[in-house]
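# Residue-level structure breakdown
Each chain, letter by letter, is given below.
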Amino acid sequence: YRGDLQWFVTPLVTLRVQASQDFLNSGLPEVAGILSNRFSLTAYYDPLRNLRFAATATYEHNDYRETDTSASRPSLRLAGQYRIGPMLSLGGFAGVQRQGAEGSVLVPEFTSFSAGIGATFTP
């Protein structure tokens, strides 16, 4: 399944809910595949026509088929983008993700932080 719902709360705020289920290749010889369920909620705030902020909360649950292993992965990501002109925009993001695992030790538990800045040029 896959679902995507957007609600334009005000002219400046948009909420987006997404849900999906996919079968993934595990890359592990002892696992037939991974049944992955993913849910996310994103809030967009556009205070100016050329400035956008976004916050996304995601929860992913992975069931490693034919084993007793499962993993849950909540995450939070904050991002901003400033469009300088029709061909150039600048942006940045920061995010944190935590993975917890249950069952056989096939996947590790971890906490990660990521951040970045960038520029996009579209000729």
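No experiment lies behind these values; they were computed from the predicted model shown.

## What to know about the pairing of strand S4 (residues 51-64)
Bridge count between strand S3 (residues 34-48) and S4: 13 bridges; the pairing is antiparallel. Pairing of Phe39 across the sheet is with Tyr59, part of S4. Hairpin remark: S3 followed by S4, antiparallel, with two residues in the connecting loop. Bridging between S4 and strand S5 (residues 70-83) involves 13 bridges; their strand directions are antiparallel. Directly across from Arg52, in S5, lies its bridge partner Gln81. Counting the residues that bridge the hairpin from S4 to S5 gives five residues, and of these Glu66 lies at a positive phi of roughly 65°.

## Points about the sheet that holds S3
Neighbouring strands of a sheet are bound in pairs by backbone hydrogen bonds; such pairs are parallel or else antiparallel. One open sheet holds the seven strands; their spatial order is S1-S2-S3-S4-S5-S6-S7, and the pairing between them is antiparallel. A single partner strand is all that each edge strand has here, and the edge strands are strand S1 (2-8) and strand S7 (110-121). Neighbour-to-neighbour, the strand axes of this sheet turn through a mean angle of 10°, independent of strand direction.

Criteria and cut-off values
- Residues numbered from 1 in each chain as written.
- Predicted model: local features only at pLDDT ≥ 70, side-chain atom pairs only at ≥ 80, totals over all residues.
- Heavy atoms only, no water.
- Pairing = 2+ DSSP bridges.
- Helix = DSSP H or I, 4+ residues; strand = E, 2+ residues; numbered from the N terminus.
- Axes fitted to C-alpha atoms, helices over the stretch in contact; angles between N-to-C directions.

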